[in-house]
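Structure assessment
Given next are the chains, with one letter for each unit.
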Amino acid sequence: MRHLALPFYCAVIVGLLLALLARAIYTGAASFLLPFGAGVVFFTWSGVRDLRRNWPAFRKEMQQRQETRRREGWKPPPARNPGPPSAPVCHDDTH
């Protein structure tokens, strides 16, 4: 999943910048429109570029995981009994 970390961060930043852009339009702060708009364009472009670059590696890793699961068969992890508590349990109700 590390392949898609940067595009995810870019999407979060674009969302925040769009919210700030909408707020700037609503309040009439025209001086912020250009920087927020430029940030939206830059981070959208950067996220899409990185997503297109890393998608094949991500897809390959997912196929390898799927083949491993298919080969080994899915088994739930064994249930572990934690054993007795390490300290006596206080049943006092006076708190």
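Let me sum up the structure you'll find in this document. Keep in mind the model is a prediction, meaning the values are calculated, not measured. (Residues numbered from 1 in each chain as written. Predicted model: local features only at pLDDT ≥ 70, side-chain atom pairs only at ≥ 80, totals over all residues. Heavy atoms only, no water.)

The next point concerns the pattern of salt bridges. For the coordinates displayed, the defined rule picks out two salt bridges. The residue R53 makes a salt bridge to D50 at a minimum N-O spacing of 3.6 Å. Here the residue R53 and the residue D50 both occupy positions in helix α2 (residues 33–72), the gap between them amounting to three residues, near one helical turn. Exposure remark for R53: the relative accessible area of 53% places this residue in the exposed category. Taking the relative accessible area as the measure of exposure, D50 reaches 8% and is therefore buried. One salt bridge connects R65 with E61, and the closest N-O pair in it is separated by 3.0 Å. (Salt bridge = Lys/Arg side-chain N within 4 Å of Asp/Glu carboxyl O. Helix = DSSP H or I, 4+ residues; strand = E, 2+ residues; numbered from the N terminus. Buried < 20%, exposed > 50% of the residue type's maximum accessible area, 1.4 Å probe, protein only.)

Attention shifts here to the nonpolar core. Among the nonpolar cores identified, the biggest contains six residues, and these are V14, L17, L21, A24, F36 and V40. Every element with two or more residues in this core is listed here: α1 (5–27) and α2. Every residue in contact with L17, bar those within four places of it in the chain, is listed here: F36, G39, V40 and F43. (Core = buried A, V, L, I, M, F, W, Y, C linked by side-chain atoms within 4.5 Å. Contact = heavy atoms within 4.5 Å.)

Attention now goes to the packing of aromatic side chains. Under the counting rule described, the total for this entry stands at five aromatic pairs. On the basis of an interplanar angle of 55 degrees and a centroid distance of 6.1 Å, the ring pair of F8 and Y9 is categorised as tilted. The pair formed by F8 and Y9 is uniform in burial state, with each residue classed as exposed. With centroids separated by 6.2 Å and ring planes inclined at 50 degrees, the aromatic side chains of F42 and W45 adopt a geometry described as tilted. Here F42 pairs with W45, and both are found in helix α2, just three residues apart, close to one helical turn. Given a relative accessible area of 45%, F42 falls into the partly exposed group. Following the ring pairs from residue to residue traces out a cluster consisting of F42, F43 and W45. (Phe/Tyr/Trp six-rings, centres within 6.5 Å; stacked < 30°, edge-to-face > 60°.)

Here the focus is the packing of α1 against α2. Across the interface, α1 lies against α2 with an axial gap of 9 Å and an inter-helix angle of 160 degrees. Viewed along their axes, α1 and α2 adopt a mutual orientation that is roughly antiparallel. The crossing of α1 and α2 is left-handed. Two secondary-structure elements touch here, α1 through L6, P7, C10, I13, V14, L17, L18, L20, L21, A24 and I25 and α2 through L33, F36, G37, G39, V40, F43, T44, S46, G47, D50 and L51. Counted by class, the contact of α1 with α2 contains 16 nonpolar, five polar and one charged residues. (Axes fitted to C-alpha atoms, helices over the stretch in contact; angles between N-to-C directions. Parallel < 35°, antiparallel > 145°, perpendicular 65-115°, else oblique. Left-handed = near helix turned anticlockwise from the far one by under 90°. Nonpolar A, V, L, I, M, F, W, Y, C, P; charged D, E, K, R; others polar.)

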